[in-house]
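Examination of the molecular architecture
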Amino acid sequence: MKPLYSHLPGPIGVFDSGYGGLTILEQIRQVLPAYDYLYLGDNARTPYGSRSFEIVYDFTLQAVRKLFGMGCHLVVLACNTASAKALRSIQMNDLPALDAGRRVLGVIRPTVECIGSMTKTRHVGVLATAGTVLSNSYPLEVHKLFPDIAVVEQACPMWVPLVENGEANSPGADYFVQKYVSALLSKDANIDTIILGCTHYPLLLPKIRQHVPENIRIVSQGEYVARSLKDYLCRHPEMDARCTKGGTCRFFTTESEDKFMDSAAIFLNEKVHVGHISLE
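Residues numbered from 1 in each chain as written. Predicted model: local features only at pLDDT ≥ 70, side-chain atom pairs only at ≥ 80, totals over all residues. Heavy atoms only, no water.

On to the pairing of strand β5 (residues 123–128). Among the six residues that make up β5, five are buried, leaving the element largely enclosed by the rest of the structure. In this structure, β5 lies alongside strand β6 (residues 150–155), joined through six bridges in parallel fashion. Looking at β6, one finds that H123 is bridged to A150. Examined bridge by bridge, β5 and strand β7 (residues 193–197) share five bridges and lie parallel to one another. Of the residues in β7, the one forming a bridge with V126 is I195. (Buried < 20%, exposed > 50% of the residue type's maximum accessible area, 1.4 Å probe, protein only. Helix = DSSP H or I, 4+ residues; strand = E, 2+ residues; numbered from the N terminus. Pairing = 2+ DSSP bridges.)

Structure (structure tokens):
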């Protein structure tokens, strides 16, 4: 029987529903520059945050299958919503049938793993999209690893639109940054660590720092996901051998190529070439 996917080595796949995953990709490429990467953004159907678990799972599985078909043996879901609503089902139910030798990783677990050594008060805050907050994924993951840590969350519905419209550094952004940060801190005065639970939020980091007390540590996901991926490849040499190393990066979108190039420039500070792809 002919195998469903090629077993030749291929690039590392990075998937996001939109553009925020580019902040994860950028950090991964800084830590692991020798590898080849293939970034896929489902920009035509973004945002995922307001969609049901079933729809997010279906869309994410389509993307994973596409990336496997394009030669990826390892796929990183650089999207908190996909990690929260689809990752576990894909890992447990779909990978054994698709190809038991391939792997799909998320961004929530690597982010949470670093928290235990950071918080002294054992009170942690999470700033995230409404979809991620509703999934309860961060409190569940934190309590699996650190049962003694209290977690409070705050949805920030205006932050993604601000970033994607190029308004992250505008005076108008201050109002919404202060609004959500204040709302989070009012829920628990003992918070000493805040997780930015959305891949768009690093672009708001300078303004977030202005409204967060200096004694509170802010955790941006990219560096921890990148560090975790490096560790994963070191611990799994069989997977490392399946990842090509030519230092290249290709971009694909389900939306307009021109629109993706313009928006990607906001996240990467450079122009990228992108191809169109269909997932349906």
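Continuing now.
A separate point is the packing of helix α1 (residues 21–31) against helix α11 (residues 221–235). When two helices pack together, their arrangement is captured by the angle between the axes and the distance separating the axes. Running from amino to carboxyl end, α1 crosses α11 at an angle of 45°, the nearest separation of the two axes being 8 Å. As far as their axial angle goes, α11 and α1 are oblique. At the point where α1 passes α11, the crossing takes the right-handed sense. Mapping the contact onto sequence places I24, Q27, I28 and V31 in α1 and Q221, G222, E223, V225, A226, L229 and K230 in α11. Residues of the contact of α1 with α11, tallied by class, amount to six nonpolar, three polar and two charged. (Axes fitted to C-alpha atoms, helices over the stretch in contact; angles between N-to-C directions. Parallel < 35°, antiparallel > 145°, perpendicular 65-115°, else oblique. Left-handed = near helix turned anticlockwise from the far one by under 90°. Contact = heavy atoms within 4.5 Å. Nonpolar A, V, L, I, M, F, W, Y, C, P; charged D, E, K, R; others polar.)

This part covers the sheet that holds strand β8 (residues 217–220). The pairing of strands in a sheet comes from backbone hydrogen bonds and takes either a parallel or an antiparallel form. Across the sheet, four strands lie side by side as β6-β5-β7-β8; this open sheet has parallel pairing. Looking at which strands have only one partner, the edges of the open sheet turn out to be β6 and β8. Strand-to-strand twist across the sheet, computed as the mean angle between neighbouring axes with direction ignored, equals 25°. Helix-sheet contacts for helix α7 (residues 137–145) involve β5, β6 and β7, and the interaxial angle to β6 is about 165°.

What follows concerns α11. Its 15 residues place the ends of α11 21 Å apart at the C-alpha level, agreeing with the 21 Å of an ideal helix rising 1.5 Å per residue. Within α11 the residues assigned to the buried category are Q221, G222, Y224, V225, A226, L229, Y232 and L233. (Expected span 1.5 Å × (residues − 1).)

Relative to the helices and strands, G131 resides in helix α6 (residues 130–135). Residue contacts for G131: discarding those within four places in its chain leaves G49 and K85.

Let us now look at the sheet that holds strand β4 (residues 103–105). Within the open sheet, the six strands sit side by side as β4-β3-β1-β2-β9-β10. Their pairing is parallel. The open sheet has two edge strands with one neighbour each: β4 and β10 (274–276). Taking the axes of each pair of neighbouring strands and ignoring which way they run, one obtains an average angle of 25° across the sheet. One ladder, built from four bridges, connects strand β1 (residues 12–16) with strand β3 (residues 74–77); its direction is parallel. Its bridge partner lying in β3, G13 is registered against V75.

To continue, consider the nonpolar core. Among the nonpolar cores identified, the biggest contains 55 residues, and L22, W159, L233 and F251 are the most heavily contacted of them. Among residues more than four places away in sequence, those in contact with F251 are L22, L25, R29, Y39, F260, L268, V272, H273, V274 and G275. Counting 26 residues, the second largest nonpolar core, distinct from the first, contains F68, L77, L98 and F252. (Core = buried A, V, L, I, M, F, W, Y, C linked by side-chain atoms within 4.5 Å.)

In contact at an axis separation of 12 Å, helix α2 (residues 53–69) and helix α4 (residues 87–99) are set at 40° when each is read in the N-to-C sense. Between α2 and α4, the crossing angle belongs to the class labelled oblique. Two packed elements cross with a definite hand, and for α2 against α4 that hand is right-handed. Judged by residue contacts, Y57, T60, L61, V64, R65 and F68 of α2 engage S89, I90, D94, L95 and L98 from α4.

Below, the discussion takes up unusual backbone geometry. Residue P47 is reached from T46 by a cis peptide bond, and omega for that bond is 0°. Mapped onto the elements, P47 comes out in the loop between β2 (37–41) and α2. Phi angles above zero are rare outside glycine, and R122 is one such case at about 65°. For R122, the position within the fold is in the loop between α5 (108–113) and β5. Since its relative accessible area comes to 22%, R122 is described here as partly exposed.

Here the focus is the side chain of D36. Of note, D36 is situated in the loop between α1 and β2. It turns out D36 is buried and unbridged, and the closest side chain with the opposite charge, R250, is 7.6 Å from it. Engagement of the side chain of D36 in a polar contact is seen with the side chain of T244, the distance being 2.7 Å. The contact partners of D36, leaving out residues within four places of it in the chain, are P11, I12, T244, K245, G246, G247 and T248. (Lys, Arg positive; Asp, Glu negative; His and termini not counted. Salt bridge = Lys/Arg side-chain N within 4 Å of Asp/Glu carboxyl O. Polar contact = N/O pair within 3.5 Å; in protein donor to acceptor, adjacent residues only side chain to side chain.)

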